[in-house]
There are 2 protein chains.
Amino acid sequence: MNQDRTAQNWARQSIQAAGLRATSARVATLLVLRDSSAPLTHAEVSDQLAEHEIDKSTVFRNLTDMVTANLLRRSELGDHVWRFEIIGETEREHESHPHFVCIDCGTVSCLQEIQLSNKSKTESSRLGQVTEILLRGHCHDCV
Amino acid sequence: MNQDRTAQNWARQSIQAAGLRATSARVATLLVLRDSSAPLTHAEVSDQLAEHEIDKSTVFRNLTDMVTANLLRRSELGDHVWRFEIIGETEREHESHPHFVCIDCGTVSCLQEIQLSNKSKTESSRLGQVTEILLRGHCHDCV
DNA sequence: CCCTTGATGCAATTCAATTGCAATAGTAAT
DNA sequence: ATTACTATTGCAATTGAATTGCATCAAGGG
């Protein structure tokens, strides 16, 4: 209970800090994702929030709003379903570090510094300006 | 013309070798993908085949059939759209080359070889086995 | 407490993906 | 070349997630 109160305050503050109104639907959404160890699909979040009688279109809009506000990350694991997960406080600042996504469990890991070899840098710069590097594969827990 | 004939024979043989009937729709589909320097979406393939009066559901079924038959690779590059590309003869089916996706116009390009620096390789291998590398950014046309 | 404006619920819509089925066409056998 | 078998096709219809319109509601600054 006290725990819940603390968590709610945290959620409330996070949401407001991101410039959004701290509605009960958003607080509930954020807490669901906070308590999940893996990214959740829109449907999974919706299911969990159904008991709170929150409409799925509201869930959808809130998820995308919070992605825009940089509270959540939306990722695609290769199965054509969007998944959402909390972006940790510490990583929120530098948004452009490389990520490793496990295509089995969906876990997203942040890499400190990924460098391309010089040759690869040359080749990719011919195409454009690279702003994001994403590695996909199987994490050690899933292999 | 002679060129076309040769290409058609190649397509025909590839399809039959994969255990499928070499229908004109499949030959045309395979040639479209063969002549593309980047993976194409189902819609893009369909558009190109519209002049041959091939139905989009046929295109869809053929694409997935050829994926199953290991002639094509279906991949998801983070924008929630399936793309299809030829699996090169020399490529093993589980390996894929890196892609560059323009986050403005959505254009996808294939890269020959992207190498991570040694340090980065070490760091990523700590997390798991990397099977796919994806670069995102702004292509020259969009900057 | 009021007011403004963002957020919500519900219904409706969009759009790609997918399926059912009768007609058609590719292949191997004759 | 003809036949027979069945995979494949075209078309229409369906599915289902994603998305929007709009009237109503509520968060939070003043």
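This write-up is about the structure you can find in this document. The structure displayed is predicted, hence computed values, not measured ones. Residue numbers run consecutively from 1 along every chain, following the written order of its sequence. Lettering of chains starts at A and numbering of ligands starts at 1, both following the order in which they are written. With pLDDT at 70 or above as the cut-off, local features in this predicted model cover only qualifying residues; side-chain atom pairs require 80 or more to be listed or tallied, and sums for whole chains, interfaces and linings still use all residues.

### Thoughts on the interface of chain B and chain A
Part 1 of the argument: We call two residues in contact when their backbone-placed C-beta atoms lie within 7 Å. Facing 33 residues of chain B, the contacting portion of chain A comprises 33 residues.
Part 2 of the argument: Counting residues per element, the ones that place at least two in the side of chain B that touches chain A are β4 (99–102), α5 (118–127) and β6 (128–139) of chain B.
Part 3 of the argument: The class makeup of the residues in the side of chain B that touches chain A is 13 nonpolar, 14 polar and six charged.
Part 4 of the argument: When DSSP locates at least two bridges between a pair of strands, those strands are taken to pair. Counting from the N terminus, the helices are the DSSP runs of H or I reaching at least four residues and the strands are the DSSP runs of E reaching at least two. As defined by bridge partners, strand β6 (residues 128–139) of chain A adjoins β6(B) across 11 bridges and the pair is classed as antiparallel. The residue bridging Gln129(A) from the neighbouring strand is His138(B), located in β6(B). Amino acid classes used here: Ala, Val, Leu, Ile, Met, Phe, Trp, Tyr, Cys and Pro are nonpolar; Asp, Glu, Lys and Arg are charged; the rest, including Gly, are polar.

### Side note on helix α3 (residues 42–50) of chain B
Helical geometry: 3.6 residues make up each α-helical turn, so side chains three or four residues apart lie on a common side.
All names here are of chain B.
Part 1 of the argument: The burial label depends on the number of other C-beta atoms within 10 Å of a residue's C-beta. Counts of 20 or more mean buried, 12 or fewer mean exposed, and intermediate counts mean partly exposed, with C-beta atoms placed from the backbone. Of all the positions in α3, only Val-45, Ser-46 and Leu-49 are classed as buried. Axial view of α3: buried residues confined to an arc of 100°, hence all on one face.
Part 2 of the argument: For α3, the secondary structure elements touched by its buried residues are α2 (24–34), β1 (40–41), α4 (56–68) and β3 (82–86). The arc in question is traced by the directions running from the helix axis to the C-beta atoms.

### Considerations on the protein's contact with DNA strand C
Part 1 of the argument: Working rule for contacts: place C-beta from the backbone, and if it is within 6 Å of a molecule or strand, that residue counts as near it. If you check the shell around DNA strand C, you find 24 residues, and the closest are Thr23(A), Ala25(A), Thr58(A), Ala22(B) and Ser57(B).
Part 2 of the argument: Sorting the residues of the surface near DNA strand C by element identifies α2 (24–34) and α4 (56–68) of chain A together with α3 and α4 of chain B as the ones contributing at least two each.
Part 3 of the argument: Element by element, the count of residues in the surface near DNA strand C is highest for α4(A), at four residues.

### Things to note about the packing of helix α3 (residues 42–50) of chain A against α4(A)
Residue and element names in this part refer to chain A.
Part 1 of the argument: The axes used here are C-alpha line fits, helices contributing only the stretch in contact, and every angle between their N-to-C directions lies in the interval 0 to 180 degrees. The geometry of α3 relative to α4 is characterised by a closest axis approach of 10 Å and an angle of 125° between their N-to-C directions. It follows that α3 is oblique to α4 by the angle criterion. You can see that α3 and α4 cross each other, and the crossing is right-handed. Two secondary-structure elements touch here, α3 through His-42, Val-45, Ser-46 and Leu-49 and α4 through Lys-56, Val-59, Phe-60 and Leu-63.
Part 2 of the argument: Classifying every residue of the contact of α3 with α4 gives five nonpolar, two polar and one charged. Comment on the angle field: the value is read as roughly parallel under 35 degrees, roughly antiparallel over 145, roughly perpendicular from 65 to 115, and oblique elsewhere. In this scheme, a crossing is called left-handed if the near helix is turned counterclockwise away from the far one by less than a right angle; it is called right-handed if the turn is clockwise.

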